[in-house]
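Below, each chain spelled out in residue letters.
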Amino acid sequence: SPLTTIAQSFWGFVLLYFISAFMSSFGMSAWILFPIVYPLQLQGIQDNMAAVAAGHPATNINTYEVLFSGWVGIGGIGATLPLVIMMAFWARSARLKAIGRASLVPSIFNINEPIVFGAPIAFNPILMVPFWINSLVPPILTYWALSSGLVAIPSQLFQMWYTPFPFATWIVSPGVASMLLLLVIVVLVTLTWLPFFRAYDRQVSVEDEDEEETEVAGVAA
């Protein structure tokens, strides 16, 4: 009961998600928290289902449905799908473009280990910062929108986390307000990623050019 109360609070909801992302950015799989967090989230959605069945509103926001099917984990923890799309189609660096295209299909299905450890985001100061920001802003906005009643809190069990957005969002919380919230979050996380992506792309492009010059010089010698 105490853990459930903490997890369902604003700070519990935001910090538990951020800690998972923070760990990922330092090369530690967030799955190690799963045995602790998942039972709390599962209890949350079960309580929501029971409340709705009894004619009461759903109140628990910290559920798997909200985080990984609704609005927060777009493309995986840290909302990395916009970054993958940028790399795949906008990157000047051939290396980043290749990583982005290789990560695109997994990211659509909310699997982002290829980009977290391939770009990489982990141990990369340039990409770690937006990764952290995008692990705070979406849960904060989501908690506010759901707790204020602007968007319906999910009240049906839906554990297919690999269902792409926005289809998953509509399944767990059908409604115009739900989709508008998703749109706002997508725009914000994209704008957050953009300047850091450009900075990293410039850096990697210079590194690629230096490597090519070194290889040419080595061949000429």
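Note that this is a predicted model, so its numbers are computed, not measured.

What follows deals with the confidence of the model for the protein chain. Predicted coordinates in areas of low pLDDT are best not read in detail. For the protein chain, mean pLDDT is 93; residues scoring 70 or higher make up 95% of the total. Mean pLDDT across the elements of the protein chain bottoms out in helix 11 (residues 176-220) (87) and peaks in helix 9 (residues 137-147) (97).

This part takes up the pattern of salt bridges. For side chains of opposite charge, pairing can occur when their charged atoms come near one another. Applying the stated rule across the entire model yields three salt bridges. Linking Arg-92 and Asp-201 is a salt bridge whose minimum nitrogen-to-oxygen distance equals 3.9 Å. Of this pair, Arg-92 sits in the loop between helix 5 (81-90) and helix 6 (94-108) while Asp-201 is found in helix 11, placing the two residues 109 residues apart along the sequence. With a relative accessible area of 60%, Arg-92 lands in the exposed category. Here the residues in one salt-bridge network are Arg-95, Glu-207 and Asp-208, joined through shared partners.

Further remarks concern the side chain of Glu-65. For Glu-65, the position within the fold is in helix 4 (residues 64-70). For the buried Glu-65, which has no salt bridge, the nearest side chain bearing the opposite charge is Arg-101, at an N-O separation of 34 Å. Within polar-contact distance, the side chain of Glu-65 engages the side chain of Gln-159 at 2.7 Å. Excluding residues within four positions of it along the chain, Glu-65 makes contact with Ile-45, Gly-70, Pro-154, Gln-156, Leu-157, Phe-158, Gln-159 and Val-172.

Another point: the nonpolar core. Residues Met-87, Ile-115 and Leu-146 are the most contacted members of the largest nonpolar core, which totals 47 residues. At the level of elements, helix 2 (10-25), helix 4, helix 5, helix 6, helix 7 (113-118), helix 8 (125-133), helix 9 and helix 11 are the ones that each hand at least two residues to this core. The element best represented in this core is helix 11, accounting for nine residues.

Moving on, we come to a nonpolar patch on the surface. Together, Val-105, Ile-108, Phe-109, Ile-111, Met-160 and Tyr-162 give the surface a local cluster of nonpolar side chains, amounting to about 500 Å² of exposed area. Tracing the backbone shows Phe-109 in the loop between helix 6 and helix 7. The exposure class of Phe-109 is partly exposed, given its relative accessible area of 37%.

Cut-offs applied
For every chain, the first residue of its written sequence is number 1, and the numbers climb from 1 along that sequence. The predicted origin of the model limits local features to residues at a pLDDT of at least 70 and limits the giving and counting of side-chain atom pairs to 80 or more, whereas totals for whole chains, interfaces and linings rest on all residues. By convention in this description, side-chain values take in all heavy atoms of the structure and omit both hydrogens and water. The score called pLDDT rates the predictor's confidence residue by residue, from a low of 0 to a high of 100. Only DSSP runs of H or I covering at least 4 residues are called helices, and only runs of E covering at least 2 are called strands; the numbering of each starts at the N terminus. Salt bridge, as applied in this entry: a Lys or Arg side-chain nitrogen positioned within 4 Å of an Asp or Glu carboxyl oxygen. A 1.4 Å probe rolled over the protein chains alone gives each residue an accessible area, and that area as a share of the maximum for its type sets the label: buried under 20%, exposed over 50%, partly exposed in between. Charge convention: Lys and Arg are scored as positive, Asp and Glu as negative, and His as well as the terminal groups of each chain are ignored. The definition of a polar contact used here is a pair of N or O atoms within 3.5 Å, where within protein one atom must be able to donate a hydrogen and the other to accept one, and adjacent residues in sequence count solely through side-chain atom pairs. The contact definition used throughout considers only heavy atoms, calling two residues in contact when any of these lie within 4.5 Å. Put simply, buried Ala, Val, Leu, Ile, Met, Phe, Trp, Tyr and Cys residues joined by side-chain atoms within 4.5 Å make one nonpolar core. Patches here: salt-bridge-free residues with over 30% relative accessible area, like charges joined within 9 Å, nonpolar side chains (Val, Leu, Ile, Met, Phe, Trp, Tyr) joined within 5 Å. Per-residue accessibility takes into account occlusion by the displayed protein chains alone, with areas from the Shrake-Rupley method and a 1.4 Å probe.

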